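# Structural overview for review
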Amino acid sequence: MKLAIKRIAFLVIILGIWQLVFSAGVFEDIVFPSPVKVSTALYEGFVDGDFMKALGASFRHLFMGLSLAILFGTIIGVLLGKSKQADETAGMYLIALQSIPSIVWVPLAIMLFGFSEFAVVFVVVLGGTFVMALNVRTAIHSVPPQLVRAARTMGTNGIPLFFRVEIPSSIPYFMTGIRLAWAFSWRALMAGELLSNGPGLGYSLRYAQDYARMDQVIAIIIIIGVIGAVVDQIVFSRLERNVRKRWGLAKS
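Residues numbered from 1 in each chain as written. Predicted model: local features only at pLDDT ≥ 70, side-chain atom pairs only at ≥ 80, totals over all residues. Heavy atoms only, no water.

As annotated in an unreviewed UniProt entry, the protein chain carries the name NitT/TauT family transport system permease protein and comes from Halobacillus dabanensis. Quoted verbatim from the Sequence similarities (unreviewed entry) field of UniProt, the annotation for the protein chain is "Belongs to the binding-protein-dependent transport system permease family." Quoted verbatim from the Subcellular location (unreviewed entry) field of the UniProt record, the comment on the protein chain reads "Cell membrane". (UniProt positions renumbered as here; feature names shortened; annotations may be inferred.)

## Quick notes on a nonpolar patch on the surface
A cluster of nonpolar side chains, namely Ile222, Val226, Val230, Ile234, Val235 and Leu239, defines an oily patch on the protein surface of about 450 Å² accessible area. By relative accessible area, Ile222 is classed as partly exposed at 33%. (Patch = residues over 30% accessible without salt bridge, like charges linked within 9 Å, V, L, I, M, F, W, Y side chains within 5 Å. Areas by Shrake-Rupley, 256 points an atom, 1.4 Å probe, with all protein chains shown as cover. Salt bridge = Lys/Arg side-chain N within 4 Å of Asp/Glu carboxyl O. Buried < 20%, exposed > 50% of the residue type's maximum accessible area, 1.4 Å probe, protein only.)

## As for the UniProt feature "domain: ABC transmembrane type-1" (unreviewed entry) in the protein chain
When the UniProt feature table is mapped onto this chain, "domain: ABC transmembrane type-1" (unreviewed entry) is found at residues 55-235. Span residues 55-235 is 85% helix and 0% strand, its end C-alpha atoms 18 Å apart. (Helix = DSSP H or I, 4+ residues; strand = E, 2+ residues; numbered from the N terminus.)

## Describing the packing of helix 2 (residues 35-48) against helix 10 (residues 214-246)
For any two helices packed against each other, the geometry is given by the interaxial angle and the distance between the axes. Close contact between helix 2 and helix 10 brings their axes to 8 Å; oriented N to C, the two are set at 75 degrees. Of the possible angle classes, the one that applies to helix 2 and helix 10 is roughly perpendicular. Judged by residue contacts, Lys37, Val38, Ala41, Leu42 and Phe46 of helix 2 engage Asp215, Gln216, Ile218, Ala219, Ile222 and Ile223 from helix 10. Here the contact of helix 2 with helix 10 is composed, by residue class, of eight nonpolar, one polar and two charged. (Axes fitted to C-alpha atoms, helices over the stretch in contact; angles between N-to-C directions. Parallel < 35°, antiparallel > 145°, perpendicular 65-115°, else oblique. Contact = heavy atoms within 4.5 Å. Nonpolar A, V, L, I, M, F, W, Y, C, P; charged D, E, K, R; others polar.)

## Some thoughts on the UniProt feature "transmembrane region" (unreviewed entry) in the protein chain
Under the feature "transmembrane region" (unreviewed entry), the UniProt entry names residues 62-81, 93-113, 119-140, 161-184 and 217-236. Secondary structure content for residues 93-113 is 67% helix and 0% strand, and the end C-alpha separation is 25 Å.

## Here's the deal with the side chain of Ser102
Within the secondary structure, Ser102 is located in the loop between helix 4 (84-98) and helix 5 (106-113). Ser102 has contacts with Val123, Gly127, Phe184 and Ala188, leaving out every residue within four places of it along the chain.

## A short note on the confidence of the model for the protein chain
Detailed reading of predicted coordinates is not advised where the pLDDT is low. For the protein chain, per-residue confidence averages 86 on the pLDDT scale, and 98% of positions sit at 70 or higher. Averaged over each element, pLDDT in the protein chain is lowest for helix 7 (residues 145-153) (78) and highest for helix 3 (residues 50-82) (92). (pLDDT = per-residue confidence, 0-100.)

## Quick notes on the side chain of His61
Tracing the backbone shows His61 in helix 3. Residue His61 is classed as buried on the basis of its relative accessible area of 1%. In this view, His61 contacts Glu117, Val120, Val121, Val124, Leu189, Glu193 and Pro199; residues no more than four positions away in its chain are not counted.

## Observations concerning the layout of surface pockets
Quantified by volume, the largest pocket comes out at close to 440 Å³. Arg7, Gly225, Val226, Ala229 and Val230 are the residues nearest the centre of the largest pocket, which is lined by 14 residues in total. Here the element with the most residues in the lining of the largest pocket is helix 10; it accounts for ten residues. Grouping the amino acids of the lining of the largest pocket by side-chain chemistry returns nine nonpolar, two polar and three charged. If you add up the space inside the second largest pocket, you get close to 280 Å³. Forming the boundary of the second largest pocket are 15 residues, of which Asp50, Phe51, Ser204, Tyr207 and Gln216 lie nearest the centre. (1 Å grid on protein atoms, 1.4 Å probe; cavity = no way out; pocket = protein on both sides within 12 Å on 5 of 7 lines; lining within 4 Å. Points joined across faces, edges and corners; volume = space filled by probe spheres on them.)

Here it is as structure tokens:
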């Protein structure tokens, strides 16, 4: 309860500062709309159905891209985690690829797929694959050696060892990888949609900017931020905490 009050109070303070800056006329109204005008844009966007259509398209792109990113990232991560030669050869390049901002991939996606939804999904896949692969590789490397030795002592080797010992031990890190893949994919999605021909939240953001509708621009930015925070806190953070607690890794 106290935490909720603190968060609400902080939000009220931010809105108050926003209104003060608007009332002081620091920026022109067309550039810096009031909280009331942005709230109206939010309401009208949902009532008209424009924001809901954009949200539906964005979540479709995200689901496709994130699913492929988790699949590809898991395969690459397991390969690097199990093969010393592969890790020594390609591990460094994986880190380099993960450090590339998602928007850098947009020109390549446009050249390959044009201004289509496939280009957006391609950017999302690249945005989430490498961070997922790094976490899966770390998960494989973090399996306690004593567990592996104990399993081998009892006659478990090869594929059975991987499925019975290494995968269960890696689940907490795997969940962290999924959470990070979601965050990176969500950012990549916005980068890809900004330069697409729609539909999607990113496209709607650029469309509003082209027509100098800053109230809609800020409204869409708020939607993007709220969705990112809510999905992370309600879905992925909770799953990660539950897994870590079940595996005895949560701090008491």
